[in-house]
Amino acid sequence: MIRFSLALLAVLAVSLSAAEAKVVRLGVPPVAEVTLPDAWGPEETDNGVEANSPDGKIYMSFEVHPLGNEGDAMGRAMRAAVEWVRGRGAQLDRFTPPAEGRFNQWTALRATASGRDNDGKPTEVEVIGIPLNATTALIVLGWYETGAEQANAPTLAAIIESVRPVGGIVRL
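Notes on the structure in this doc start here. (Residues numbered from 1 in each chain as written. Predicted model: local features only at pLDDT ≥ 70, side-chain atom pairs only at ≥ 80, totals over all residues. Heavy atoms only, no water.)

1. Observations concerning helix α2 (residues 73–86)
Given a rise of 1.5 Å per residue, 14 residues ought to cover 20 Å, and the 20 Å separating the end C-alpha atoms of α2 matches this to within 8%. All of the buried residues in α2 are Ala73, Met74, Gly75, Ala77, Met78, Ala81, Val82 and Val85. The elements touched by buried residues of α2 are β6 (58–66), β7 (91–92), β9 (106–116), β10 (122–131) and β11 (136–145). (Helix = DSSP H or I, 4+ residues; strand = E, 2+ residues; numbered from the N terminus. Expected span 1.5 Å × (residues − 1). Buried < 20%, exposed > 50% of the residue type's maximum accessible area, 1.4 Å probe, protein only. Contact = heavy atoms within 4.5 Å.)

2. Here's the deal with the packing of aromatic side chains
The description of an aromatic ring pair uses the distance of the two centres, along with the angle that the planes make with each other. A complete count under the given rule lists 3 aromatic pairs for this structure. Between Tyr59 and Trp84, the aromatic rings sit 4.9 Å apart at their centres with planes inclined by 25 degrees, giving stacked as the arrangement. Placement of Tyr59 in strand β6 and of Trp84 in helix α2 is noted, with a sequence separation of 25 residues between them. Classification of Tyr59 by relative accessible area gives buried; the value is 9%. Judged by relative accessible area, which is 27%, Trp84 ranks as partly exposed. With a centroid separation of 6.1 Å and 90 degrees between ring planes, the pair formed by Trp84 and Trp143 is classed as edge-to-face. In this pair, Trp84 sits in helix α2 while Trp143 sits in strand β11, placing the two residues 59 residues apart along the sequence. (Phe/Tyr/Trp six-rings, centres within 6.5 Å; stacked < 30°, edge-to-face > 60°.)

3. Observations concerning unusual backbone geometry
Of note, the bond from Val28 into Pro29 is cis; its omega dihedral lies within 30 degrees of zero at -5 degrees. Along the chain, Pro29 falls in the loop between β2 (21–26) and β3 (32–37). The backbone phi angle of Asn104 is positive, close to 50 degrees, even though this residue is not glycine. Tracing the sequence through the fold places Asn104 in the loop between β8 (99–103) and β9. On the accessibility criterion, Asn104 (23% relative accessible area) is partly exposed.

4. As for the nonpolar core
Core analysis: the biggest nonpolar cluster contains 27 residues, and Leu26, Val34, Met60, Phe62, Phe103, Ile130 and Leu138 have the highest contact counts within it. Elements supplying a minimum of two residues to this core: β2, β3, β5 (48–52), β6, β9, β10, β11 and α4 (153–162). Here the element with the most residues in this core is β6; it accounts for 4 residues. Apart from residues lying up to four places away in sequence, Leu138 is in contact with Leu26, Phe62, Glu63, Val64, Ile128, Gly129, Ile130, Leu132 and Val163. Residues Ala73, Met74, Ile139 and Leu141 belong to the second largest nonpolar core, which totals 20 residues. (Core = buried A, V, L, I, M, F, W, Y, C linked by side-chain atoms within 4.5 Å.)

5. Re the sheet that holds β2
Taken in spatial order, the 3 strands of this open sheet run β2-β3-β12, and their pairing is antiparallel. Strands with a single pairing partner mark the edges of an open sheet, and in this sheet they are β2 and β12 (164–165). Two strands pair when backbone bridges link them, and β2 and β3 are joined in this way by 6 bridges, in the antiparallel orientation. If you follow Val24 over to β3, its bridge partner there is Val34. Of the strands in this sheet, β3 and β12 are in contact with α4, which crosses β3 at around 160 degrees. (Pairing = 2+ DSSP bridges. Axes fitted to C-alpha atoms, helices over the stretch in contact; angles between N-to-C directions.)

6. Concerning the pairing of β3
Of all the 6 residues making up β3, 6 are buried; the element is thus mostly covered by neighbouring parts of the structure. Side chains of β3 alternate between two faces, with Ala32, Val34 and Leu36 and Glu33, Thr35 and Pro37 buried alike. Connecting β2 to the antiparallel partner β3 that follows it, the hairpin turn spans 5 residues, and Gly27 within it adopts a positive phi of roughly 95 degrees. As judged from the 2 bridges shared by β3 and β12, these two strands associate in the antiparallel manner. Bridging across to β12, Glu33 finds its partner in Arg164.

Shown next as structure tokens:
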């Protein structure tokens, strides 16, 4: 079983106090929640929330997607996140095939790639697909300048550790 680099940062977790963080419930009805620091400027989107580190070197999004009945729905949702990054000018090498691992209490799929962002700087992309229940997935996208995850490790760990189910989520 592989380990997720962002999830491993949980060892370094620091608490995000309510005064300096925003708790966002994801989905309608809510199926998961994440806590993001106010300094990251979290903004809700149609399907979830996105945020950027104060130094502008890390982008994260958490989006809820329906799985439907069409076979590889999780793979399609993960590929859509990759295409979103490419649509912003990133030149990415081939992604690793999705591999199974743990993300907090869930079994999840993870794919990674490296390349260059639209400014030519080395960049890393990590996409994690988490089946929350039989019909819903959470897609976590991390896009960061190479090395930025170390500089932001305690905050990233706290963000990842904060992702949790809401309501009657079946743990798969």
